[in-house]
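# A structural walkthrough
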Amino acid sequence: MNLIQRIDALLPQTQCGKCGHPGCKPYAEGIARGEAINKCPPGGQETIAGLAQLLHLPVLDLDTSRGEAPAQIAYIREAECIGCTKCIQACPVDAIVGAAKLMHTVITDECTGCDLCVAPCPVDCIEMRALADVLPIVGGLAGTDDERRERDLKRDRARRRFEQRNARLQREEACKLAERLTRAKRAAAVETTQVNNHQAAQDAAIKQAKISVTMSRAQLHKSLKAFGHPPTFEQQSQLIMLQRQFEACEQALAALEANSAPPTTPPKSADLKRAKIQLAMRRAELKKAQAEQAGEQQLAALSAALNAAEQTLQDAEANTDA
Ligand code: SF4
Ligand code: SF4
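Residues numbered from 1 in each chain as written. Chains lettered and ligands numbered in written order. Predicted model: local features only at pLDDT ≥ 70, side-chain atom pairs only at ≥ 80, totals over all residues. Heavy atoms only, no water.

An unreviewed UniProt entry annotates the protein chain as Ion-translocating oxidoreductase complex subunit B originating from Pseudomonas synxantha.

This part is about the overall build of the protein chain. Per the secondary structure count, the protein chain includes eight helices and four strands. Starting at the N terminus and walking to the C terminus, you meet the elements of the protein chain as α-α-α-β-α-β-β-β-α-α-α-α. The principal-axis extents of the C-alpha atoms in the protein chain amount to approximately 130 × 50 × 30 Å. Taken across its 322 residues, the protein chain has 33% of its residues classed as buried. Taking as baseline every contact in the protein chain between residues at least 6 positions apart, the subset at least 24 positions apart corresponds to 62%. (Helix = DSSP H or I, 4+ residues; strand = E, 2+ residues; numbered from the N terminus. Buried < 20%, exposed > 50% of the residue type's maximum accessible area, 1.4 Å probe, protein only. Contact = heavy atoms within 4.5 Å.)

Turning our attention to the layout of surface pockets. Approximately 1000 Å³ is the volume attributed to the largest pocket. Contributing to the lining of the largest pocket are 37 residues, with Asn166, Gln170, Lys288, Ala289 and Glu292 lying nearest its centre. Elements with a minimum of two residues in the lining of the largest pocket: helix H2 (24-32), helix H4 (86-90), helix H5 (145-226), helix H7 (266-291) and helix H8 (296-321). With eleven residues, the single largest contributor to the lining of the largest pocket is H5. Along the lines of polarity and charge, the residues of the lining of the largest pocket split into 15 nonpolar, eleven polar and eleven charged. (1 Å grid on protein atoms, 1.4 Å probe; cavity = no way out; pocket = protein on both sides within 12 Å on 5 of 7 lines; lining within 4 Å. Points joined across faces, edges and corners; volume = space filled by probe spheres on them. Nonpolar A, V, L, I, M, F, W, Y, C, P; charged D, E, K, R; others polar.)

It is worth spelling out the site of ligand 1 at this point. In the region of ligand 1, the neighbouring residues are Pro12, Thr14, Gln15, Cys16, Gly17, Lys18, Cys19, Gly23, Cys24, Tyr27, Cys40 and Pro42. Of the residues belonging to the shell around ligand 1, the class tally is seven nonpolar, four polar and one charged. (Near = heavy atom within 4 Å.)

Moving on, we come to the packing of aromatic side chains. The final tally for this structure, using the stated rule, is zero aromatic pairs. Taking the ring centre of tyrosine 75 as reference, the NZ or CZ of arginine 129 above it sits at 3.5 Å. (Phe/Tyr/Trp six-rings, centres within 6.5 Å; stacked < 30°, edge-to-face > 60°. Lys NZ or Arg CZ within 6 Å of the ring centre and 35° of its normal.)

Turning next to helix H6 (residues 233-259). Each full turn of the α-helix corresponds to 3.6 residues, which orients residues three or four apart in the same direction. The end-to-end C-alpha distance of H6, which contains 27 residues, comes to 39 Å, matching closely the 39 Å that a straight helix rising 1.5 Å per residue would cover. Those residues of H6 lying buried are Gln235, Leu239, Leu242, Phe246, Cys249 and Leu253. Summarising the contacts, the buried residues of H6 are in contact with H5. (Expected span 1.5 Å × (residues − 1).)

Once that is clear, we can look at the UniProt feature "domain: 4Fe-4S" (unreviewed entry) in the protein chain. Here the UniProt-annotated "domain: 4Fe-4S" (unreviewed entry) positions come out as residues 1-57. The span residues 1-57 is 51% helical and 0% strand by assignment, and the distance between its end C-alpha atoms comes to 20 Å. (UniProt positions renumbered as here; feature names shortened; annotations may be inferred.)

Attention now moves to the pattern of salt bridges. The tally for this structure, following the rule as stated, stands at 19 salt bridges. A salt bridge links arginine 159 to aspartate 8; the shortest N-O distance between them is 2.8 Å. A residue pair is termed long-range when its members are at least 10 positions apart, and arginine 159 in helix H5 and aspartate 8 in helix H1 (residues 3-10) qualify at 151 residues. Among the salt bridges present, the one from glutamate 127 reaches arginine 77, with a minimum N-O distance of 2.5 Å. Separated by 50 residues along the polypeptide, glutamate 127 in strand E4 (residues 126-130) and arginine 77 in the loop between strand E1 (72-76) and H4 bring together distant segments of the chain. Of the residues examined, glutamate 127 reaches a relative accessible area of 25% and is grouped as partly exposed. With a relative accessible area of 24%, arginine 77 lands in the partly exposed category. Because the salt bridges share partners, they merge into one network encompassing Arg77, Glu80, Glu127 and Arg129. (Salt bridge = Lys/Arg side-chain N within 4 Å of Asp/Glu carboxyl O.)

With that settled, the discussion passes to the pairing of E1. Along E1, four of the five residues are buried, which leaves the element largely enclosed by surrounding structure. In this sheet, E4 lies alongside E1 in antiparallel orientation, the contact comprising five bridges. Within E4, the position partnered with isoleucine 73 by the bridge is arginine 129. (Pairing = 2+ DSSP bridges.)

What follows is the structure in C-alpha cells.
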C-alpha cells in the first residue's frame, strides 16, 4: 500500500464531505500533501490518533467547526416518499434503492450515516435515526478486535461502493458526451446535404435555362434565314414573338445566375460548433477534477486538453471568418 492508501485505510469511508473534500480518498491525498489530520468528524479522535501515529505527527483535537457525526442511519418514511430519486443521486455509496415515481428505501447495512440524502429530499421524508443493531462505521465505537475487524470490512465495502459509483457516473458522463458528439455530427451532415441539394437544384435550373436560350436563339435564326425578304406580315409577327421568347430566356438565365451566389459554408460552421462543445466539455472536466482535488498529473493532462481545445476553437473561428 502506498502512503495515500494507508491514510485512506484509517478514514471512516462515510464519504460525507465534512472534511471539505468530495470523499475520504481526496482527503487522504490532501493529508499526504500536508493537510491537517483533524478534519474528519466521523473518524473522530480514533482516526486522528491513527493518522498521528502513521505520519509521526502530534495528536490534535478534532476540528469541531466541521460538525458532528453520530452513529446513525438514514430512514425513509416510505408512505411519504414521492419517488423523485433525488436521494439516490445524493447517496455516495448507492445505499438507497428505488426508481422514479416508486417508493425508495435504504439498504441498512450499506448506509454510512453520512446524511447527504436528507437535504435534497423535497418532501422531508428522510430522517436520521440512531443505530440499533448495525455496527457503526464511525470511529471510537468498536470496543473489541472482532468489532474493529468487522468495521474495517464495512469500511472496505463502503470504499468499494463509492469507487464503483464514481466509475459508473464517469461512464454515464462519457456516454452522454458521445451522444452529444454524434448528434452534432449528424446535424452537420444534414446541413451539408441540404446545401448540396440546394446547389444541385440551382445547377440543374441554370443548365435548363441555358438550353432554352440556345434553342430559342436557334429558332429565331432559323426563321430569319427561312423567311423571304422582306418577310410577310405574318412572318414579321412570328419573328417578333420568337425575338421576345429569346429575350425572355436570356433574362431568366441571367436571374438564375445572379441568384446562385455561393452558399454559406456549413462545414465550417459545424466545425466551429463542435469546437465550442469540445471546449465547454474540457473546461467542465478540468473544473470537476479541480473540485475533486485530482492528482497533479491528471490536472496537467486536463489543462493540456483544455489548451488544445482553445486552440482548435481559435482555428475554427479564423476559418469561419476567412
Ligand atoms: S468520513 Fe467524511 S469527513 Fe471523514 S474523510 Fe471521509 S468524507 Fe471526509
Ligand atoms: S442513505 Fe443517506 S445517510 Fe445513508 S449513506 Fe446514503 S446518503 Fe448517506
